[in-house]
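In case you want the letters, here they are:
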Amino acid sequence: MRGGILQLIEWNGQDRNVIVHKFATGGRQVNKGSKLTVREGQAAIFCVKGRMADVFPPGFYNLDTGNIPVLTRIMGWKYGFQSPIVVDIFFVNTTQFTNQKWGTVNPILTRDKDFGAVKIRGFGSYSFKIDDPFKFMTELSGTSTTFATNEITDYLRGKMLMGVTAAIGESKVPVLDMAGNLMALSKSTEEHIKPMFAELGIGLTRFIFESFSLPEELQKAMMQNSALGMQRQNFDMHLANRQMDVMGQAAGNPGAGGPMNAMMGMGMGVGMGNMMGNMMNQGMQNVQGFGPQAAGGVPQGAGDKITCPHCNAQIKAGARFCPECGKPPHELCPKCSKPTKPNARFCAECGQSLVAECANCKKPLKAGARFCVECGTSVK
């Protein structure tokens with residue numbers, strides 16, 4: 001019946017996925033004496049003229065002037081709630097919404113000390129509940145008829161991504177160790193996200209990191225490194241067994257060249273083993289560009305020579321220090337001590353400025369200058 005009086009106002013709340021339910025008044029009005037039932041895990045909010053008014057926690061109410069003070073003030077009643085009014089009534093589900101899944105749509109770029117800039121993805125779950133129904137309705141819901149969890153999780157994902165990125169950046173945990181630090185990362189991320197959720201009237205009750213995903217090329221590089229390491233171990237075991245065989249043959253056959261030839265043969269085996277080991281180490285360092293050269297180090301040439309800028313001695317291209325004067329043939333970054341490229345203005349590893357600046361005007365200074373050519377400030 002339209003245009004009548006609402007006698008009983010309630011919502012059974014059977015759909016656990018619904019956060020906000022707008023009560024269908026059917027054009028009927030609320031009068032003094034109308035009865036409102038709010039079940040456990042609910043809150044009822046009256047809205048009039050587009051403004052959120054009174055909030056009712058769980059309980060049974062006979063509506064009158066005494067329990068709708070905000071509505072009384074908005075309507076400007078001088079003598080209390082006497083005439084019927086048309087209001088919008090919303091029921092807010094305040095129970096906990098558990099096992100909500102989250103995942104990073106786009107990879108998070110993080111800097112790792114071993115692999116440089118790495119893009120990773122994170123996955124997990126979280127739980128939340130509406131702590132402040134009035135604030136939640138004011139900030140998010142508006143006047144929608146219903147408001148389900150899937151409509152808010154898309155909005156909350158952006159908030160969580162900011163918290164996840166901040167937590168990973170502050171943790172300084174290496175990429176390879178993240179799987180073993182999921183609990184610490186979960187707690188740190190939860191501390192970042194809680195204040196952002198609270199601004200919306202939402203309480204974050206639980207946040208969990210379940211897994212990380214690394215780029216495919218990095219996973220391949222790690223697998224190749226592991227395979228090379230196993231080959232190196234197998235080769236070392238074979239070499240040790242071979243040395244034992246040579247020593248056994250020498251002890252059982254004192255002729256045919258004597259112990260000297262046996263020792264020479266064993267020495268050649270050791271030399272070959274060292275050579276193969278060095279080759280494997282270099283291969284492991286340079287898999288997929290994750291070696292010293294890719295990390296901004298000095299290129300390792302095969303027998304190439306360079307001239308030391310300090311004493312003009314000829315030294316190997318891969319040497320970090322001159323064997324004649326003991327000085328580095330390449331300039332080192334004053335912050336991270338990594339070799340820098342000639343005439344570079346910034347360190348390729350940590351971004352440290354390599355050009356001296358004036359303390360007053362921040363303009364670049366010429367080498368050996370005693371005064372800034374821009375402002376004349378003395379250079380200490």
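Small disclaimer: the values here were computed from a predicted structure and weren't measured.

**Observations concerning the overall build of the chain**
Part 1: Looking only at helices and strands, one finds six helices and 14 strands in the chain.
Part 2: Counting all 380 residues of the chain, 34% fall into the buried class.
Part 3: Long-range contacts, defined here as pairs at least 24 residues apart, represent 58% of the contacts in the chain between residues at least 6 apart.

**Overview of helix α3 (residues 149-171)**
Part 1: Along its 23 residues, α3 runs 31 Å from first to last C-alpha, staying within 8% of the 33 Å computed at 1.5 Å per residue.
Part 2: The axis of α3 is deflected most strongly, by about 30 degrees, at Tyr155.
Part 3: Listed as buried for α3 are Thr149, Ile152, Thr153, Leu156, Lys159, Met160, Gly163, Val164, Ala167 and Ile168.

**A look at the side chain of Glu190**
Part 1: Topologically, Glu190 is positioned in helix α4 (residues 182-198).
Part 2: Among the residues examined, Glu190 registers a relative accessible area of 18% and is labelled buried.
Part 3: Not counting chain neighbours up to four residues away, the residues in contact with Glu190 comprise Leu204, Thr205, Arg206 and Phe207.

**Some details on the pairing of strand β3 (residues 35-38)**
Part 1: Judged from the two bridges that link them, strand β1 (residues 8-9) and β3 form a sheet pairing that is parallel. Paired with Ile9 across the strands is Leu36, a residue of β3.
Part 2: Where β3 lies against strand β6 (residues 59-62), four bridges are found, and the strand directions are antiparallel. Pairing of Val38 across the sheet is with Gly59, part of β6.

**Remarks on α4**
Part 1: For α4, spanning 17 residues, the distance from its first C-alpha to its last is 24 Å, which sits close to the expected 24 Å at 1.5 Å a residue.
Part 2: The sharpest bend along α4 reaches about 25 degrees and sits at His192, with the proline Pro195 one to four residues further on.
Part 3: For α4, every residue scored as buried is listed here: Leu182, Leu185, Ser186, Ser188, Thr189, Glu190, Ile193, Met196 and Phe197.
Part 4: Of the surrounding secondary structure, the elements contacted by the buried residues of α4 are α3 and β12 (202-213).

**Some words on the pattern of salt bridges**
Part 1: Inspection of the entire model under this criterion finds five salt bridges.
Part 2: A salt bridge links Arg39 to Glu10; the nearest nitrogen and oxygen atoms lie 3.3 Å apart. Placement of Arg39 in the loop between β3 and β4 (42-48) and of Glu10 in the loop between β1 and β2 (18-22) is noted, with a sequence separation of 29 residues between them.
Part 3: Owing to a relative accessible area of 32%, Glu10 belongs among the partly exposed residues under this scheme.

**Quick word on the confidence of the model for the chain**
Any segment with low pLDDT has predicted coordinates that should not be analysed in fine detail.
Part 1: For the chain, mean pLDDT is 75; residues scoring 70 or higher make up 72% of the total.
Part 2: Below pLDDT 50 for its whole length, residues 286-302 participates in 30 contacts with residues either more than four positions away or in separate chains.

**Quick word on the environment of Ile202**
Part 1: Looking at the element boundaries, Ile202 is found in strand β12.
Part 2: Residue Ile202 is classed as buried on the basis of its relative accessible area of 2%.
Part 3: On a C-alpha basis, the gap between Ile202 and Phe128 in space is 6.8 Å, while along the polypeptide they are 74 residues apart.
Part 4: For Ile202, the contacting residues outside a window of four places in its chain are Phe128, Lys129, Ile130, Asp131, Phe136, Leu140, Ile152, Leu156 and Phe197.

**Looking at the environment of Ser337**
Part 1: Assignment of secondary structure puts Ser337 in the segment after β14 (314-316).
Part 2: Separated by 13 residues in the primary sequence, Ser337 and Cys350 have C-alpha atoms spaced 9.8 Å apart.
Part 3: Once residues within four sequence positions are removed from consideration, Ser337 is found in contact with Arg320 and Leu332.

**Points about the packing of aromatic side chains**
Centre-to-centre distance and the angle between the planes together describe a pair of aromatic rings.
Part 1: All told, the structure shown has nine aromatic pairs when counted by the stated rule.
Part 2: On the basis of an interplanar angle of 65 degrees and a centroid distance of 5.0 Å, the ring pair of Phe56 and Tyr61 is categorised as edge-to-face.
Part 3: Overall, Phe56 belongs to the buried group, its relative accessible area being 2%.
Part 4: One aromatic cluster is present, formed by Trp11, Phe23 and Phe91 through successive ring pairs.

**Structural notes on the sheet that holds β1**
Part 1: Taken in spatial order, the three strands line up as β1-β3-β6 in an open sheet, and their pairing is mixed. Sheet topology places β1 and β6 at the edges, where each strand pairs with a single neighbour.

**Focus on the packing of α3 against α4**
Part 1: Two elements in contact, α3 and α4, have axes whose closest approach is 8 Å; the angle formed by their N-to-C orientations is 135 degrees. Taken together, the axes of α3 and α4 are oblique relative to one another. Along this stretch, α3 crosses α4, giving a crossing that reads as right-handed. Residues Leu156, Lys159, Met160, Met162, Gly163, Val164, Ala166, Ala167, Ile168, Glu170 and Ser171 of α3 form the contact with α4, whose own contacting residues are Leu185, Ser188, Thr189, His192, Ile193, Met196 and Phe197.
Part 2: Here the residues of the contact of α3 with α4 sort into eleven nonpolar, five polar and two charged.

**So, the pairing of strand β5 (residues 51-56)**
Part 1: In this structure, β4 lies alongside β5, joined through four bridges in antiparallel fashion. Across the sheet, Cys47 pairs through a bridge with Met52, a residue of β5.
Part 2: Where β4 folds back on β5, the antiparallel hairpin that results is connected by two residues, among which Lys49 adopts a positive phi of roughly 55 degrees.

Reading guide: rules and limits
Residues numbered from 1 in each chain as written. Predicted model: local features only at pLDDT ≥ 70, side-chain atom pairs only at ≥ 80, totals over all residues. Heavy atoms only, no water. Helix = DSSP H or I, 4+ residues; strand = E, 2+ residues; numbered from the N terminus. Buried < 20%, exposed > 50% of the residue type's maximum accessible area, 1.4 Å probe, protein only. Contact = heavy atoms within 4.5 Å. Expected span 1.5 Å × (residues − 1). Bend = angle between axes of the 7 residues up to and from the residue. Pairing = 2+ DSSP bridges. Salt bridge = Lys/Arg side-chain N within 4 Å of Asp/Glu carboxyl O. pLDDT = per-residue confidence, 0-100. Phe/Tyr/Trp six-rings, centres within 6.5 Å; stacked < 30°, edge-to-face > 60°. Axes fitted to C-alpha atoms, helices over the stretch in contact; angles between N-to-C directions. Parallel < 35°, antiparallel > 145°, perpendicular 65-115°, else oblique. Left-handed = near helix turned anticlockwise from the far one by under 90°. Nonpolar A, V, L, I, M, F, W, Y, C, P; charged D, E, K, R; others polar.

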